[in-house]
Amino acid sequence: QVQLVESGGGLVQPGGSLRLSCVASGRIGSINAMGWYRQAPGKQRELVASVTSGGTPNYADSVKGRFTISRDTAKNTVYLQMSSLKPWDTAVYLCNAEWRVGLHYGSSWGQGTQVTVSS
């Protein structure tokens, strides 16, 4: 199994910045796509950003121009740089990875890290 651990969440003022990190560990054969999701209270979990194994990023319209996803394949780590944060960005942010080990494949989730944007 592949385990994911997020870090970097916290409290930040509107307009501020925060950088999230997600490290994958365990028996890793290969990781294809990695991404960040978020879930606010009472709302559906939504995809924020993802990045392919080739480094191609994809963003939700609501965060384009403000968030940047990057991946360090050698370190099995994905980052989410968040700038110009708004109160509605407040949510639990979760890391996801699609992986394959031999003939086995699956998807893993991190425990989530809380991001709170408030004055």
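Above: the structure in question.
Attention in this report is confined to the structure presented alongside it. (Residues numbered from 1 in each chain as written. Predicted model: local features only at pLDDT ≥ 70, side-chain atom pairs only at ≥ 80, totals over all residues. Heavy atoms only, no water.)

1. A word on the overall build of the protein
Step number 1: Across its full length, the protein holds 0 helices and 11 strands.
Step number 2: Put simply, the protein runs from its N terminus to its C terminus through helices and strands in the order β-β-β-β-β-β-β-β-β-β-β.
Step number 3: In terms of overall size, the protein behaves like a compact globule, its C-alpha atoms giving a radius of gyration of 14 Å where 119 residues would be expected to give roughly 14 Å.
Step number 4: With respect to the principal axes defined by its C-alpha atoms, the protein has extents near 50 × 25 × 20 Å. (Helix = DSSP H or I, 4+ residues; strand = E, 2+ residues; numbered from the N terminus. Rg over C-alpha atoms; globule rule 2.2 N^0.38 Å.)

2. Quick look at the nonpolar core
Step number 1: The biggest cluster of nonpolar side chains holds 30 residues, and the ones touching the most others in it are Trp-36, Leu-80, Met-82 and Tyr-93.
Step number 2: At the level of secondary structure, the elements contributing two or more residues to this core comprise strand 1 (2–7), strand 3 (18–26), strand 4 (30–39), strand 5 (46–51), strand 7 (67–72), strand 8 (77–82), strand 9 (91–101) and strand 11 (113–117).
Step number 3: The contact partners of Leu-80, leaving out residues within four places of it in the chain, are Leu-18, Arg-19, Leu-20, Trp-36, Val-48, Ala-49, Phe-67, Thr-68, Ile-69 and Tyr-93. (Core = buried A, V, L, I, M, F, W, Y, C linked by side-chain atoms within 4.5 Å. Buried < 20%, exposed > 50% of the residue type's maximum accessible area, 1.4 Å probe, protein only. Contact = heavy atoms within 4.5 Å.)

Purely geometric stuff here, so don't read any function into it on its own.
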